[in-house]
Every structure is written in structure tokens, then in C-alpha cells.
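Listed here are the chains, written in short residue letters.
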Amino acid sequence: MNTPVIGVLALQGDVREHLIALAAADAVARPVRRPEELAEVDGLVLPGGESTTISKLAILFGVMEPLRARVRAGMPVYGTCAGMIMLADKILDPRSGQETVGGIDMIVRRNAFGRQNESFEAAVDVKGIAGDPVEGVFIRAPWVESVGAAAEVLAEHEGHIVAVRQGNVLATSFHPELTGDHRVHSLFVDMVRANRTPESL
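Here the structure is a predicted model, which is why all the values come from computation and not from measurement. (Residues numbered from 1 in each chain as written. Predicted model: local features only at pLDDT ≥ 70, side-chain atom pairs only at ≥ 80, totals over all residues. Heavy atoms only, no water.)

### Here we look at the nonpolar core
And then number 1: Leu46, Leu67 and Met106 are the most contacted members of the largest nonpolar core, which has 33 residues in total.
And then number 2: The contact partners of leucine 67, leaving out residues within four places of it in the chain, are Leu38, Leu44, Leu46, Met75 and Val101.
And then number 3: Ranked by size, the runner-up nonpolar core spans 31 residues in total, among them Ala10, Val45, Ile129 and Leu170. (Core = buried A, V, L, I, M, F, W, Y, C linked by side-chain atoms within 4.5 Å. Buried < 20%, exposed > 50% of the residue type's maximum accessible area, 1.4 Å probe, protein only. Contact = heavy atoms within 4.5 Å.)

Now the structure itself:
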């Protein structure tokens, strides 16, 4: 049975919504807080929340370095909003002490679309997602200032990059887990399924 086990980094942020979306996309979903839990999953979601807090908690819980190692080794990872910031190789305006996991050759601007009271929804055409546009929920959302040659832009909104993929690493500045539309999560589950070795099936 080719049902991938996908974790959601459960240190801070909208963890429950991702667990529900992953289960709806035919994955076994479980929260991940510690290195031993990270070692048991085939892929990982980095949820929205507060990127500085998630960064500091990841270091405190001892998962930052194991996570970086697994990303370098090719484990599929998907980050939304704060998770996108975590997956950037560079943050344009980092907070003091803020670190990233890295994985995508991109520069990200935090809170680029405005503060909490400037949150909005917009239809977004995402490359690789068939059918109607994805309804993007933007909450204190970042955008991508620039990408390197290895990164593929999957979506833009008003001229700003809001979805990127590089190899097994996927990132969106919006929150598909809040809409009931699980197509982006299905795309990620397919990435995880394709990455699994025959020996692990």
C-alpha cells in the first residue's frame, strides 16, 4: 500500500488544519515535534504561524538540524506562509535570532502583503493544479522577492511570486489548508509518494 506518512511540524501555527487536509489527500498525517518523530515520516509540512517563533522552537526542541539534514537528503517538504519563510535560503528582513531551514534558492520578504487586518483572499492560478484557480488565503503573508535558477515559480499574485518549487521542496505564501480545497496538498502528497523508494513500500 503506497500511503505516505507525512508529518506537520507541530510547534506553533495552524497544525490541525494541515493534518485534516493531508488526511483528505490520502496521506497518513501526524504531528512532529521531536527528532525521533521526524525520522518516522516520509515528508513534512511547515505550517503557517509566526516564523521567528517556529524557528526558535525548532532549535529548542532539537529538530532544526535534523530537519535541515533531511531536506538536504531529499525529503519532500511543503511550507505555507511562515513555512515558506522557513524554507527560504535567505530572508530579506529577518528578526533577531531568526534562522531558516532552507531548501529553496529564494529571497523572501516577511509580512509583505501587510499586517493581520490587511488579510485577504484571492484566486490564484497554480502551475500543476488542474481545474479552477486555487482560492488563496493571505494572512500576514510573505512574498518572494527573487528566485535562483533552480527554483520554479508556480504562481504569482499582482506581480509578486506566491508559490515556488525546487526539487522536492514546495512553498506557498497563502494557506490552502483553510479553504477545504485539498488540491495543493494532493500535489504535495504525490511528490512524497513519488520520492519513496521501492524498499519502503
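Let us keep going from here.
### Comments concerning the layout of surface pockets
And then number 1: The calculated volume of the largest pocket comes to roughly 170 Å³.
And then number 2: Along the wall of the largest pocket there are 13 residues; nearest its centre are Gly49, Glu50, Cys81, Ile139 and Arg140.
And then number 3: Looking at the lining of the largest pocket, its residues break down into four nonpolar, six polar and three charged. (1 Å grid on protein atoms, 1.4 Å probe; cavity = no way out; pocket = protein on both sides within 12 Å on 5 of 7 lines; lining within 4 Å. Points joined across faces, edges and corners; volume = space filled by probe spheres on them. Nonpolar A, V, L, I, M, F, W, Y, C, P; charged D, E, K, R; others polar.)

### With respect to helix α6 (residues 183–195)
And then number 1: For α6, spanning 13 residues, the distance from its first C-alpha to its last is 18 Å, which sits close to the expected 18 Å at 1.5 Å a residue.
And then number 2: Among the residues of α6, Val184, His185, Leu187, Phe188, Val189, Met191 and Val192 are the ones counted as buried. (Helix = DSSP H or I, 4+ residues; strand = E, 2+ residues; numbered from the N terminus. Expected span 1.5 Å × (residues − 1).)

### Let's talk about the environment of glycine 159
And then number 1: Relative to the helices and strands, glycine 159 resides in the loop between β10 (152–157) and β11 (160–166).
And then number 2: The exposed category is assigned to glycine 159, whose relative accessible area is 61%.
And then number 3: A sequence separation of 155 residues divides glycine 159 from proline 4, and the C-alpha atoms of the two residues are 35 Å apart.

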